Amino acid sequence: MLIPITDRIKMVKASSETGLLVANSLLVEDDLTLLIDTGFGRENAEALKDFPVDYLINSHFHEDHVMFNWIFPEAELFVPQEDQEGISSRQTYIDWYGFQILGGQTVQDWIFEAFEWREYQADQVFTDGHKWKVGHTTIQAVHTPGHTQGHYSFWLEKERVLFAADVALTKTGPWYGNITSDVDDFISSISRLKALKPQVVVSSHRSLIEKNIDEQFDRYLAIIFEREEKLLSYLEKSRTPEEITAQKFLYGYQPAQLVQAFFERVHVHTHLKRLLNLGWIEERDGRYRSTR
Ligand SMILES: [Zn+2]
Ligand SMILES: [Zn+2]
């Protein structure tokens, strides 16, 4: 379903599907046609498959953002330099998710099957500040790492429209469930996007956001620190990662238990890394404890 933002800019609202995570896309129809992300669900894939897309862009390497790249074989595919390998190589994808290191074999199998996962070779890579001019509209890449190392948002300055991608402003809060995710980078990225002062935010996982945008960025950021408070007070006694994971402080909302347990474990891993770097916790014999 297409939701107009301006005459030329539309949000592709993901069609809901059971058993599959879907994500909204941004479509710009100007002299050239540009599409960001393709995890919009089968219904949209059917509707858009003969659509003449000139530039196809992926915001990052996750399956719910690249799934239907293959329906646009004529488009020039642009992927983030830092995430390129996670899109082109199955093994790198596995490594970055931490499936092998943190015991996620079942989740890995589920993703590869449910998303009909495939490798994609990019025509071009982009980095921070890259601009696509497609006629009257200019789209600028804004590097917003944290969720993944090569996560990007997209800024349409003239129209003050921001495609935030997975700086998603969801009630559940920031997702940093890859072993390559970085909580500190995520914090900086939220601030970077807020500072742009967008009038409209397109999130990959929400409806169009046009109201209280500053407050929504603040709230989203605050969730990280609320999780952290719970974590630190639990770590007044020394705990193993398994014990911490069982508390479900960080992520704990996915409907499927199996998926939840794995991604909670990875969130614990990435958040402990931040606290170790800050010197707020210490590790001894595989147990973690607050030093504050
Ligand atoms: Zn993602
Ligand atoms: Zn996503």
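Residues numbered from 1 in each chain as written. Chains lettered and ligands numbered in written order. Predicted model: local features only at pLDDT ≥ 70, side-chain atom pairs only at ≥ 80, totals over all residues.

Trainee: Quick question: what am I supposed to make of the overall build of the protein here?
Mentor: Along the protein, the regular secondary structure elements total nine helices and 14 strands. Against the 2.2 N^0.38 benchmark of 19 Å for 292 residues, the protein shows a C-alpha radius of gyration of 19 Å, consistent with a compact globule. For the protein, with 292 residues in total, the buried portion stands at 45%. If you take every contact in the protein between residues at least 6 apart in sequence, the share linking residues at least 24 apart comes to 58%. (Helix = DSSP H or I, 4+ residues; strand = E, 2+ residues; numbered from the N terminus. Rg over C-alpha atoms; globule rule 2.2 N^0.38 Å. Buried ≥ 20, exposed ≤ 12 C-beta atoms within 10 Å, placed from the backbone. Contact = placed C-beta atoms within 7 Å.)

Trainee: Explain the pairing of strand E4 (residues 33-36) here, please?
Mentor: Sheet faces and side chains relate simply in a regular strand, where the side chains alternate between the two faces. Bridge count for strand E3 (residues 25-29) against E4 is four bridges, and the pairing is antiparallel. Looking across to E4, one finds that valine 28 is bridged to leucine 34. Remark: three residues form the turn of the hairpin made by E3 and E4, two consecutive strands paired antiparallel. Traced from E4 through helix H1 (residues 42-48) to strand E5 (residues 55-57), the parallel crossover comes out right-handed. (Pairing = 2+ DSSP bridges. Right-handed = clockwise from strand over helix to strand, strands pointing away.)

Trainee: Can you walk me through helix H4 (residues 90-97) in this structure?
Mentor: An α-helix turns once every 3.6 residues. As a result, residues three or four positions apart point the same way. Of the residues making up H4, those classed as buried are Tyr93, Trp96 and Tyr97. Looking down the long axis of H4, one finds its buried residues gathered within 95 degrees of arc, a one-sided arrangement. One or two positions beyond H4, positive phi appears at glycine 98, with a value near 80 degrees. (Arc of directions from axis to C-beta.)

Trainee: In this structure, what is going on with the sheet that holds E3? I would like to understand it.
Mentor: As a general point, the strands of a sheet are linked pairwise by backbone hydrogen bonds and lie either parallel or antiparallel. With mixed pairing, seven strands are arranged side by side in an open sheet as E1-E2-E3-E4-E5-E6-E7. Strands with a single pairing partner mark the edges of an open sheet, and in this sheet they are strand E1 (2-4) and strand E7 (124-126). The mean angle between the axes of side-by-side strands here comes to 25 degrees, regardless of whether they run parallel or antiparallel. (Axes fitted to C-alpha atoms, helices over the stretch in contact; angles between N-to-C directions.)

Trainee: Looking at this model, I keep getting lost on the sheet that holds strand E12 (residues 200-203). Mind explaining?
Mentor: Pairing is mixed across the open sheet formed by five strands, whose spatial order is E8-E9-E10-E11-E12. On the outer flanks of this sheet lie strand E8 (131-133) and E12, each paired with one strand and no other. Pairwise comparison of adjacent strand axes, ignoring direction, gives a mean angle of 20 degrees for this sheet.

Trainee: I'm lost on helix H7 (residues 213-234) in this one. Help?
Mentor: With 22 residues, H7 should reach 32 Å at 1.5 Å per residue; the first-to-last C-alpha distance of 33 Å fits that figure. Listing the buried residues of H7 in full gives Phe217, Tyr220, Ile224 and Leu231. (Expected span 1.5 Å × (residues − 1).)

Trainee: Would you take a moment to explain the pairing of E3 for this structure?
Mentor: For E3, a buried count of four out of five residues is recorded, marking the element as mostly surrounded by other parts of the structure. Across four bridges, the pairing between strand E2 (residues 9-12) and E3 is antiparallel. Within the sheet, the bridge partner assigned to methionine 11 lies in E3 and is leucine 26.

Trainee: Please explain the packing of helix H6 (residues 183-195) against H7 as it appears in this structure.
Mentor: A packed helix pair is summarised by two numbers, namely the angle formed by the two axes and the spacing between the axes. Between H6 and H7, the shortest axis-to-axis distance is 10 Å and the interhelical angle comes to 170 degrees. With respect to H7, the axis of H6 lies roughly antiparallel. Contacts from Val183, Ile187, Ile190, Leu193 and Lys194 in H6 reach Asp214, Phe217, Tyr220, Leu221 and Ile224 in H7. By residue class, the composition of the contact of H6 with H7 is eight nonpolar, no polar and two charged. (Parallel < 35°, antiparallel > 145°, perpendicular 65-115°, else oblique. Nonpolar A, V, L, I, M, F, W, Y, C, P; charged D, E, K, R; others polar.)

Trainee: Mind showing me how you'd approach the environment of serine 189 here?
Mentor: Here serine 189 is to be found in helix H6. Separated by 46 residues in sequence, serine 189 and histidine 143 place their C-alpha atoms 7.9 Å apart. Contact partners of serine 189, with chain neighbours within four places excluded, come to Thr144, Pro145, Gly146 and Val167.

Trainee: Sorry, what's going on with unusual backbone geometry here?
Mentor: Residues other than glycine seldom take positive phi values, yet glutamate 116 does so here, at roughly 45 degrees. Along the polypeptide, glutamate 116 turns up in the loop between helix H5 (105-114) and E7. Positive phi values are uncommon outside glycine, yet leucine 169 reaches one of about 55 degrees. Position of leucine 169 among the secondary structure elements: in the loop between strand E11 (161-165) and H6. Judged by local crowding, leucine 169 falls into the buried class, with 21 C-beta atoms found within 10 Å.

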